[in-house]
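# Breakdown of the fold
Spelled out, the chains give:
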Amino acid sequence: MIIAAGGGRRIGGPEALLHQGDLPLVDRMVDTLTEAGCGQIVVVLGPAADQVREMTNLTGATVVVNRAWGTGVGSSIRAGLAALTDERIEAVVVMPVDMPGLTAAAVRRVAALPYPNVLVCATYEGLRGYPMLFGRRHWSGIATLASADVGARPYLLAHKDEIVDIACDSVADGSRVDTPELMALYGLSVPPQRVGV
């Protein structure tokens, strides 16, 4: 699941419109999950969803538009989990779109044990980050507790003893791009948004 529904107030436009050179970052993230061997890929969009669809190639993904994106990442997680209706899916990898340094190797590490009862977090210098793996047994609890801009954090704190931490420092960069300075560092840009989209 790729969460790409943030308004991007600090970076000048919706996160789903982020480009690295000519390539939309959301397309790169879909490619990363595909390379890592993920089956169904869900992309949660928010503002400028129509424009994102026009400028990206999301034909292999299930696209969900979170109309409540302004309430925070919690509503996007709920929307993405609700789209996973195939009972055969036992766990889902979750990651935000604004991590250009994320790699298929990191996704594979985190998703190595895709069982219904797992909770896995990537770590960078000992700190938890994305990608995360949520087993199906946890989905309803995560959806219930996911709130505002803290997303799954309340559920993870309540189940901290069940979380498996997987170090990904050596295979990925866990930085999230949320400032103009980091955008410049990673060569990212946000194209102009059309009014009314």
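Every chain is numbered on its own, with residues counted from 1 as its sequence reads. Local features in a predicted model are, by the rule used here, given only for residues with pLDDT of at least 70; side-chain atom pairs are given and counted only at 80 or more, and totals for whole chains, interfaces and linings are based on all residues. Derived side-chain values reflect all non-hydrogen atoms in the structure, with water molecules and hydrogen atoms excluded from consideration.

## Brief notes about helix α1 (residues 25–35)
Only protein chains enter the accessibility calculation, which uses a 1.4 Å probe. A residue is then buried if its area is under 20% of the maximum for its type, exposed if over 50%, and partly exposed in between. Segments assigned H or I by DSSP are reported as helices when at least four residues long, segments assigned E as strands when at least two residues long, and all are numbered from the N terminus. Here α1 has its buried residues at Leu25, Val26, Asp27, Met29, Val30, Thr32 and Leu33. One or two residues past the end of α1 sits glycine 37, with phi positive at roughly 95 degrees.

## Here's the deal with the nonpolar core
With 67 residues, the main nonpolar core has Met1, Ile2, Val43 and Phe134 as its most contacted residues. By definition, residues are in contact when any of their heavy atoms lie within 4.5 Å. Aside from chain neighbours lying at most four places away, what touches isoleucine 2 is Val26, Met29, Val30, Leu33, Ile41, Val42, Val43, Val44, Met95 and Val97. Only buried Ala, Val, Leu, Ile, Met, Phe, Trp, Tyr and Cys residues count toward a nonpolar core, and they belong to the same one when joined by side-chain atoms within 4.5 Å.

## Overview of the packing of helix α3 (residues 73–82) against helix α5 (residues 136–145)
Orientation is described by axes fitted as lines to C-alpha atoms, over the contacting stretch for helices, and by angles from 0 to 180 degrees between their N-to-C directions. Relative orientation of the contacting elements α3 and α5 amounts to 145 degrees, with a least axis distance of 9 Å. Two packed elements cross with a definite hand, and for α3 against α5 that hand is left-handed. Here Ile77, Arg78 and Leu81 of α3 come into contact with α5, specifically with Trp139, Ile142 and Ala143. Charged residues are taken to be Asp, Glu, Lys and Arg, nonpolar residues to be Ala, Val, Leu, Ile, Met, Phe, Trp, Tyr, Cys and Pro, and polar residues to be all remaining types, Gly included. In terms of residue class, the contact of α3 with α5 is built from 5 nonpolar, no polar and 1 charged. Helix crossings fall into two classes, left-handed where the near helix is turned counterclockwise from the far one by less than a right angle and right-handed where it is turned clockwise.

## Remarks on the sheet that holds strand β3 (residues 23–24)
Read across the open sheet, the 3 strands follow the order β3-β2-β10; overall the sheet is antiparallel. Only two strands of the sheet have a single partner each, and these edge strands are β3 and β10 (188–189). For two strands to be treated as a pair, DSSP must find no fewer than two bridges joining them. Relative to β3, strand β2 (residues 19–20) is paired through 2 bridges, and the arrangement is antiparallel. Counted as the bridge partner of glutamine 20 is leucine 23 from β3.

## Some thoughts on the state of the cysteines
Counting rule for disulfides: a pair of cysteine sulfur atoms within 2.5 Å. In this structure the tally under the stated criterion is 0 disulfides. With no disulfide of its own, cysteine 38 lies 13 Å from the sulfur of cysteine 168, the closest cysteine sulfur. On the accessibility criterion, cysteine 38 (24% relative accessible area) is partly exposed. Summary of cysteine pairing: cysteine 121 is not part of a disulfide, and the nearest cysteine sulfur, belonging to cysteine 168, is at 10 Å.

## Some points on the pattern of salt bridges
Here, a salt bridge means any Lys or Arg side-chain nitrogen found within 4 Å of an Asp or Glu carboxyl oxygen. For the structure shown, the criterion picks out 4 salt bridges. A salt bridge links aspartate 98 to arginine 176, with the shortest nitrogen-to-oxygen separation between them at 3.0 Å. Taken as a pair, aspartate 98 in the loop between β6 (91–96) and α4 (104–110) and arginine 176 in the loop between β9 (163–167) and α7 (180–186) lie far apart in primary sequence, 78 residues in all.

## What to know about the side chain of serine 76
In this structure, serine 76 sits in helix α3. A relative accessible area of 2% places serine 76 in the buried class. Once residues lying within four places of it in the same chain are set aside, the contact partners of serine 76 are Ile3, Ala5, Val44 and Asn66.

## Considering the environment of aspartate 161
Mapped onto the secondary structure, aspartate 161 falls in the loop between α6 (153–158) and β9. Along the backbone, aspartate 161 and valine 65 are 96 residues apart, and their C-alpha atoms lie at a distance of 33 Å.

## Quick word on the sheet that holds strand β5 (residues 62–65)
Read across the sheet, 7 strands follow the order β5-β4-β1-β6-β8-β7-β9 without closing on themselves; strand pairing throughout is mixed. Both edges of this open sheet fall to β5 and β9, since each of them pairs with a single strand only. Averaged over all adjacent pairs, the angle separating strand axes in this sheet is 25 degrees, with direction ignored. In the sheet, β6 pairs with strand β8 (residues 127–135) via 4 bridges, with the strands oriented antiparallel. Following the sheet pairing, valine 93 is matched in β8 by leucine 133. Against the sheet, α1 engages β1 (2–4), β4 (42–45) and β6, with an angle of about 175 degrees to β1. Each of β1, β4, β5 and β6 is contacted by α3, which is oriented at about 145 degrees to β4, the strand it contacts most.

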